[in-house]
4 protein chains.
Amino acid sequence: MSEINKVVLAYSGGLDTSVILKWLQDNYQCEVVTFTADIGQGEEVEPARKKAVSLGIKPENIYIDDLREEFVRDFVFPMFRANAIYEGEYLLGTSIARPLIAKRQIEIANRVGADAVSHGCTGKGNDQVRFELGYYALKPDVKVIAPWREWDLLSREKLLNYAEANGIDISNKRNGGSPYSMDANLLHISYEGTVLEDPAREPEESMWLWTTSPENAPNEAEYVELEYAGGDIVAINGHAMSPAAVLTELNRLGNKHGIGRLDLVENRYVGMKSRGCYETPGGTIMLKAHRAIESITLDREVAHLKDELMPKYANLIYTGYWWAPERKMMQQMIDASQASVNGWVRLKLYKGGVYVVGRDSADSLFDARIATFDEDGGAYNHADAAGFIRLNALRMRIAAHHRQLKK
Amino acid sequence: MSEINKVVLAYSGGLDTSVILKWLQDNYQCEVVTFTADIGQGEEVEPARKKAVSLGIKPENIYIDDLREEFVRDFVFPMFRANAIYEGEYLLGTSIARPLIAKRQIEIANRVGADAVSHGCTGKGNDQVRFELGYYALKPDVKVIAPWREWDLLSREKLLNYAEANGIDISNKRNGGSPYSMDANLLHISYEGTVLEDPAREPEESMWLWTTSPENAPNEAEYVELEYAGGDIVAINGHAMSPAAVLTELNRLGNKHGIGRLDLVENRYVGMKSRGCYETPGGTIMLKAHRAIESITLDREVAHLKDELMPKYANLIYTGYWWAPERKMMQQMIDASQASVNGWVRLKLYKGGVYVVGRDSADSLFDARIATFDEDGGAYNHADAAGFIRLNALRMRIAAHHRQLKK
Amino acid sequence: MSEINKVVLAYSGGLDTSVILKWLQDNYQCEVVTFTADIGQGEEVEPARKKAVSLGIKPENIYIDDLREEFVRDFVFPMFRANAIYEGEYLLGTSIARPLIAKRQIEIANRVGADAVSHGCTGKGNDQVRFELGYYALKPDVKVIAPWREWDLLSREKLLNYAEANGIDISNKRNGGSPYSMDANLLHISYEGTVLEDPAREPEESMWLWTTSPENAPNEAEYVELEYAGGDIVAINGHAMSPAAVLTELNRLGNKHGIGRLDLVENRYVGMKSRGCYETPGGTIMLKAHRAIESITLDREVAHLKDELMPKYANLIYTGYWWAPERKMMQQMIDASQASVNGWVRLKLYKGGVYVVGRDSADSLFDARIATFDEDGGAYNHADAAGFIRLNALRMRIAAHHRQLKK
Amino acid sequence: MSEINKVVLAYSGGLDTSVILKWLQDNYQCEVVTFTADIGQGEEVEPARKKAVSLGIKPENIYIDDLREEFVRDFVFPMFRANAIYEGEYLLGTSIARPLIAKRQIEIANRVGADAVSHGCTGKGNDQVRFELGYYALKPDVKVIAPWREWDLLSREKLLNYAEANGIDISNKRNGGSPYSMDANLLHISYEGTVLEDPAREPEESMWLWTTSPENAPNEAEYVELEYAGGDIVAINGHAMSPAAVLTELNRLGNKHGIGRLDLVENRYVGMKSRGCYETPGGTIMLKAHRAIESITLDREVAHLKDELMPKYANLIYTGYWWAPERKMMQQMIDASQASVNGWVRLKLYKGGVYVVGRDSADSLFDARIATFDEDGGAYNHADAAGFIRLNALRMRIAAHHRQLKK
């Protein structure tokens, strides 16, 4: 075990990270600095302060930040510019929050002169990778403490016993708490574990915490109009909004209309398949809308190039390489493509569905004059198509001709 | 105008191709062979025989084929093995039917000794390309007659006048008929033209011919279980079915539950953007289900490789390169990946939505023993993750270290 | 034939474009503006002025520009940042010059108020595409006149007769001139046609005009040191040089040492295969050196991403899409990667070969401390590799385990 | 340390693996089975038997195989079908041998009932990964012993002392032996370490063991003709040969003419950059020739697809994923493309250079009738190019037009 002087812990205020806090003090005899972020997980962050104090953390070592605007502006929005989806389905809700927390932890570590950082992720998941790749990329010589990979508190029982023995409140934990392992932020909430570990079995309705079920969603559809500038949503139904306000409002709409539930089996970076359920109400709306505004404002080949690179980009985010140079390099290309992605998209929301029903833009490349079935006044010469086809077919004709000759 | 002896015309029996039939006889003084295929467009094909006869076609020159099984087995199913989507949305319903018709036309041309083929596509669309690339790839020296690129009947009025003058029935056409340009087959029905040429405007409910609107769909969800073998659906709810029967049944379910409507602006191969509306009820269900069965049966990197190549594959089909060697080469790789894609997927269908609620397979690579949050008896060594992360981070640590030294 | 008022012709001063000049005057009764560029083809450009005057062009309608610096700085160097090679071999020497000429022609057309542009490319080659895609991208409503696709002077004999009849000097042309169709600029010279049309046959030594044969090259190797800044060569053997001077000097060295001959069969954009021979002395040196400087200054994944995109980028240039948005978008990503590509590379040149023998950089990511076989003082933990390998193998182990269970 | 019963060691007979052999016996008290392969490294393998016996290995536990034919036929040739190059330069000589050795070790482990395998690779290199990914993919529960990651014999001195103390012959080792870490097989020989760890410094001429220097190579060029069937070389200068004989003969030719030296800095899978020098005489010839035969026999888009996938394929081999499903899936596609890759290529070899001077094939898609500059009797219609270009330009024209309108 290496020598540690001061460690910055990503601290939620919950049971697990409280146990980690104590365990760090005990095992490393080091000063612990706690960092708690509001990234829109929907829980108060201030209670974490009292809890940290009660566990012996000095007030000046307690950091609590509201990162919601930064989260959406600098992480969620750039990712949606790429139409990123992992394995055809997953909107990367957990993945995209980790690099921000890692970055802030390192900033604090630099400020307080800490030589280590720590998190509460298990040794089987993706999140440990996402946090630690961020740590190492931003502070190459930092020491990383991942208690779940080091300690022996590997069963729930042992953890609770340790907590009790160390004066950590475990009321309502012995026989309660959620059966799921959950993660939440302004983009999504996720569920894993227990009964979900059988992919053949449908999750219970009660599991879903954010969205109304499609069945209980309003019987009347609702229309919403999103305004885009530079690939990002800047107004909803005519009201200009900050990035976090945009996502908050889209979540409200999505939750109301039962939008964004997902049940899937995904491939983790550490090598196994894992079943997860996700609610991404606002994100589901944004993906659909962003493709719609791009459909009229992006050049075809630019759009296709983005599509071809998207799986790689999504994979980089899923596996934790937000701070890697190749992600930044791809982002530069993606961002460059978005200059013309301006205009509006109108959507219909109804019982789990998001339907594009209109889109327009001053930068639209849709040219009714040319697209029309009616006469176009010579804007398009039909005869051109014959040459276009014949030359595109030439290599196949030559090959077919040779095959015939060989027979 | 080149010398033509005999031409095989893709003949629907409708007004446009009847006019073409007549025009071919008049302009090329050649024998016309008609070919009418049932690919599930939902209209009777036999009436085309009477019509052809009435336009002077010899009975032995009339070919009418039911290609529904071949269409689904050899074209639709292979394409769905690739999870093909064009521009993030379009399920390629029109595109995938063209290569089959082209192939059959060429087979007939070879049998009857025709030196030319003809179709009724306009000079602005993708379909002319898809047909003709197929023709040229399969019969390199064939002559292609595309009347819409040659004649002067470019307005509706001129066309109707020509028809009337040539004894072609135009009752119900002068002031009637659909305002949309439509295409249908067992996979989908599409709408283009007229009011759709304004992408800002929502299509009227009356346009959609196949699906119930989500609003009018049943208030109760329906569950359906699909069984896969080698990447294809072989049974629904326990009943073994042929490929065409599978798609027919999924269309029935999708239509009933309002599934598969799509309104988009796409980029045509000939260079302009175009607005289209599509109903792909069964296909929408199949795409979702296929991803689900792959999620437990495919290796991660195989799945990712498929995802990275998918846009290119979809583009090949969209642009008409089904018979090109690169499409066949990709298909071989895709098909090879499907050997293990066996098992079942359970879906919930509700008011426009398709939700995966369960999946299992004897070939499942989901390993509950390793994926579990509980203790796994040593199947997975948590400590391995530390080394995994540290080596994956190494290049970024070295770079960050150098940046620090340079400051 | 459409109405033309004024046309800007890419005019070399040679026989073919002189005939075109005359033919344009005759056929279109339009004013002709000539444009002659020095892009390093190695021929004087001023004689073109006298020739143009003699063919009736007004002095103010004659444009002659030295574009060598712009060519290398804005076209050749950006392309080499991408390590672009077409079909594994071709360094794109002809392709990269076309977009510059097209751009300059359009600039002149805009200045003189011309409504058309014209070039001397045949209807079978890539160059017509490269020119015209540039024209259309930069001036969408320009009229393009491609005489070789329009006129009937398709044999050498007819062309010479037309020239003679119109007072164009054809001395030394009847039974002389090169048997090859050639193109040259500061980056390369190419040969096509006649005996080369048999790919089985070796070209004669006398064909190669620029390079000494490897056999006749000096018996002593020569060392040269190239200095890079931002991915471009800025100095040779310690002497700072402009882009065009760099390429001129590398050509001198390459020609002397027999470097850069290439004999290949390539796939043209218009669909056929074509045999070409190329001399790219300086470019061959640059490609090798650029990879070497990148090898120590680029992150691994950035380099791999560049490699994966390179074929697409090279294809865009080969097919004439320099001015297309997708090329520009890729360029932004490529250029962004080059900020750290600084340092020097030492090469050995010997009888056709270019050998990298040393490279270093203040931005080097080569870390001798970690790369060493000797003890590294703990910079690298060998044990990390075990976990790295085990997690990378996990998916394959799970799959193999399942295969064993199924047996 | 886990319980081991029997271990199969990849045994070269050299000092390092002899020490490992002894160390395995000592530390694991287990039975050791040695496996020595002739993969063309150029050293006798039989002496390894005597050495193994002298170290106490039972004769029935000694496996010595000549794998040269299998190596070239099933590993080298398939890889060359892909034109695989890592990072633009490296021909993967070391990488491609590892999966074969791993496979054979596992076969032996299964036959003798061993529960473990072991190799002599260090903890910093790629080879440990390549071996172990192979082991795990083929025998998922095998135990892997990597002594260099476990023991404390990390300096040369300690190793020699351990050897001496255990009766292993170290004559000529104390102050002798090569200063380089080397690897050799029928495809190549490599050098790493010591003075090479400064990438700025040119290696000494004496380092290169296989090839004549270009300077000392014959002053006369030599021509060689290679015959291909299905993408593989089957005859040289008219003599049919087995795969290993082909590579042996090409090595002879390459060595004689100074072909295939390479000095580079590469990115290792474990995260650091490393300098290596390579001699790949026959492989360098094969790569050039394979591209040439493909240039006339492959469809353009098939060739381009192969080029786009090549970096990924090469990376898979470099990083040790030969036995992974995604490599096999890609191989199926690559192999499928090679059916038409038949014919011959003539090369000129001269002082380090390989020049293609001719190629022909009964499957050639080069069509002189169409490629010619002379009249082609109507095989190609020049006018087609105008439409081809105009439609390819259409999206750019529309965009440019909109930009003009917005000004």
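The rules behind these values
Residues numbered from 1 in each chain as written. Chains lettered and ligands numbered in written order. Predicted model: local features only at pLDDT ≥ 70, side-chain atom pairs only at ≥ 80, totals over all residues. Heavy atoms only, no water. UniProt positions renumbered as here; feature names shortened; annotations may be inferred. Least-squares fit on C-alpha atoms with pLDDT ≥ 70 in both. Contact = heavy atoms within 4.5 Å. Buried area = accessible area lost by both parts, 1.4 Å probe. Salt bridge = Lys/Arg side-chain N within 4 Å of Asp/Glu carboxyl O. Polar contact = N/O pair within 3.5 Å; in protein donor to acceptor, adjacent residues only side chain to side chain. Phe/Tyr/Trp six-rings, centres within 6.5 Å; stacked < 30°, edge-to-face > 60°. Helix = DSSP H or I, 4+ residues; strand = E, 2+ residues; numbered from the N terminus. Buried < 20%, exposed > 50% of the residue type's maximum accessible area, 1.4 Å probe, protein only. Lys NZ or Arg CZ within 6 Å of the ring centre and 35° of its normal. Nonpolar A, V, L, I, M, F, W, Y, C, P; charged D, E, K, R; others polar.

For chain A, an unreviewed UniProt entry supplies the name Argininosuccinate synthase and the organism Paludibacterium purpuratum. Here chain A is described in UniProt, under the heading Subcellular location (unreviewed entry), as follows: "Cytoplasm". As stated in UniProt under Catalytic activity (unreviewed entry), the record for chain A gives "L-citrulline + L-aspartate + ATP = 2-(N(omega)-L-arginino)succinate + AMP + diphosphate + H(+)".

Student: Run through the relation of the copies chain A and chain D, naming residues and quoting values.
Tutor: With an RMSD of 0.0 Å, the fit of chain A onto chain D corresponds to turning through 180° and sliding 0.0 Å along the axis. Taken together, the rotation and translation relating the two chain copies correspond to the operation of a two-fold axis. In terms of proximity to the rotation axis, the leading residue of chain A is F388 of chain A, whose C-alpha is 1.8 Å off the axis. In this assembly, 100% of the residues forming the interface of chain A have copies in chain D that are likewise at the interface, indicating an isologous arrangement.

Student: Give me the lowdown on the relation of the copies chain A and chain B, citing residues and values where you can.
Tutor: After a rotation of 180° and a shift along the axis of 0.0 Å, chain A superposes on chain B with an RMSD of 0.0 Å. When you check the interface residues of chain A against chain B, 100% turn up at the interface there too, and the contact is symmetric in its surfaces.

Student: Please give an account of the interface of chain A and chain B that cites residues and values.
Tutor: With 98 residues of chain A at the contact, the number on the chain B side is 98 residues. In total, about 8,900 Å² of surface goes out of reach between chain A and chain B, with carbon and sulfur atoms giving 55% of it. Remark: the boundary between chain A and chain B carries 8 salt bridges. Residue R359 of chain B pairs with D263 of chain A through a salt bridge whose shortest N-O separation is 2.9 Å. Our count for the chain A to chain B interface comes out at 48 residue pairs in polar contact (both at pLDDT 80 or more).

Student: Can you break down the packing of aromatic side chains residue by residue, with the values?
Tutor: All chains considered together, the criterion is met by 54 aromatic pairs over all chains. With 3.7 Å between their ring centres and 10° between their planes, Y86 of chain B and Y318 of chain B make a pair best called stacked. Taken together, the residues span a long stretch of sequence, with Y86 of chain B in the loop between helix 3 (68-81) and helix 4 (98-112) and Y318 of chain B in helix 10 (residues 300-318) at a distance of 232 residues. A relative accessible area of 0% means that Y318 of chain B is categorised as buried. Ring geometry for W148 of chain D and W151 of chain D: centres 5.1 Å apart, planes at 65°, overall edge-to-face. According to the relative accessible area criterion, W148 of chain D is buried, its value standing at 12%. Joined through ring pairs, the aromatic side chains of Y269 and Y321 of chain A, F388 of chain B, F388 of chain C together with Y269 and Y321 of chain D make up one cluster. If you follow R327 of chain A out to its NZ or CZ, it ends over the ring of W322 of chain A, 3.5 Å from the centre.

Student: Report on the interface of chain A and chain D, specifying residues and quantitative values.
Tutor: Contacts between the two partners involve 27 residues from chain A and, on the opposite side, 27 residues from chain D. Of the roughly 2,400 Å² buried at the junction of chain A and chain D (both faces included), carbon and sulfur atoms supply 57%. Taken together, chain A and chain D are joined by 6 salt bridges. Viewed at the interface, chain D and chain A are joined by 8 residue pairs in polar contact (both at pLDDT 80 or more). At 14 residues, helix 13 (residues 384-406) of chain A tops the list of elements feeding residues into the side of chain A that touches chain D. The class makeup of the residues in the side of chain A that touches chain D is 11 nonpolar, 6 polar and 10 charged.

Student: Kindly report on the UniProt feature "binding site: L-aspartate" (unreviewed entry) in chain A, identifying the contributing residues and their values.
Tutor: All names here are of chain A. Cross-referencing UniProt, the feature "binding site: L-aspartate" (unreviewed entry) maps to T122, N126 and D127 in the present numbering. As for its placement among the helices and strands, T122 is situated in the loop between strand 4 (116-118) and helix 5 (127-138). Residue classification places T122 among the partly exposed residues on the basis of a relative accessible area of 26%. Among all residues touching T122, those that are not within four sequence positions of it are Q128 and W148.

Student: Which residues make up the pattern of salt bridges, and what values do they have?
Tutor: Throughout the structure, instances matching the rule amount to 136 salt bridges over all chains. Note that E70 of chain B and K103 of chain B form a salt bridge whose closest N and O atoms lie 2.4 Å from each other. Placement of the pair is E70 of chain B in helix 3 and K103 of chain B in helix 4, with a sequence separation of 33 residues. On the accessibility criterion, E70 of chain B (19% relative accessible area) is buried. Taking the relative accessible area as the measure of exposure, K103 of chain B reaches 19% and is therefore buried. Shared partners join several salt bridges into a network, and the residues in it are D65, E70, K103, R104 and E107 of chain A.

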